[in-house]
Amino acid sequence: MLSKTQTRILQNILDGTERSLAETAIQSVIREKLPRFLTEADANLLRDFFVQIEIIASEATGRKISTHPLRPSEVTKLVETHKAEVARLKAEAEKQKEKVRKA
């Protein structure tokens, strides 16, 4: 017979496995349906999709995404603008932290 601790550990493992299987299934469906989604999306949705995905991607992955044939050219400027704004806000926050440290 398993102790309460052993039972809890096994349940945590099973829960993690179930989540992992569900995530794998979701990723599979997305991978399968994404090409159709991209070809059927209207121009605004397509632009917004690529902007968002490039913003959250690493630099290397963003470069790969930027070569996708369905990616609107205007995405480049929108992503650059977003990244510049994030950098500006980070710099501003650092200046504020420095003022607080000196005070």
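What counts and how
- Residues numbered from 1 in each chain as written.
- Predicted model: local features only at pLDDT ≥ 70, side-chain atom pairs only at ≥ 80, totals over all residues.
- Heavy atoms only, no water.
- Salt bridge = Lys/Arg side-chain N within 4 Å of Asp/Glu carboxyl O.
- Buried < 20%, exposed > 50% of the residue type's maximum accessible area, 1.4 Å probe, protein only.
- Core = buried A, V, L, I, M, F, W, Y, C linked by side-chain atoms within 4.5 Å.
- Helix = DSSP H or I, 4+ residues; strand = E, 2+ residues; numbered from the N terminus.
- Contact = heavy atoms within 4.5 Å.
- Axes fitted to C-alpha atoms, helices over the stretch in contact; angles between N-to-C directions.
- Parallel < 35°, antiparallel > 145°, perpendicular 65-115°, else oblique.
- Left-handed = near helix turned anticlockwise from the far one by under 90°.
- Nonpolar A, V, L, I, M, F, W, Y, C, P; charged D, E, K, R; others polar.

1. A look at the pattern of salt bridges
Close approach of charged atoms allows side chains of opposite charge to pair. The full count for this structure, using the stated rule, is ten salt bridges. Its salt-bridge partner being E32, residue K33 comes within 3.6 Å of it at the nearest N-O pair. Residue E32 is classed as exposed on the basis of its relative accessible area, which comes to 55%. Among the salt bridges present, the one from E54 reaches R71, with a minimum N-O distance of 2.3 Å.

2. Topic: the nonpolar core
One finds L38, A41, L46, F50, V51, A57, I65, V75 and V79 forming the largest nonpolar core, which totals nine residues. Secondary structure elements with two or more residues in this core: helix 2 (43–56) and helix 4 (75–102). Tallying contributions element by element places helix 2 first for this core, with three residues.

3. A short note on the environment of F50
Structurally, F50 is set in helix 2. Look at F50 and you get buried, because its relative accessible area is 2%. Taking the C-alpha atoms as reference points, F50 and T39, eleven residues apart in sequence, are found 13 Å from one another. What F50 contacts, discounting residues up to four positions off in sequence, is L38, I65, H68, L70, R71, P72 and V75.

4. Things to note about the packing of helix 2 against helix 4
At a minimum axis distance of 9 Å, the contact between helix 2 and helix 4 shows a crossing angle of 45°. Regarding the angle of helix 2 to helix 4, the classification is oblique. Relative to helix 4, helix 2 is oriented so that their crossing is right-handed. Mapping the contact onto sequence places R47, F50, V51, E54 and I55 in helix 2 and V75, L78, V79, H82 and K83 in helix 4. Broken down by class, the residue content of the contact of helix 2 with helix 4 amounts to six nonpolar, one polar and three charged.

Any functional reading would require information beyond the geometric quantities listed.
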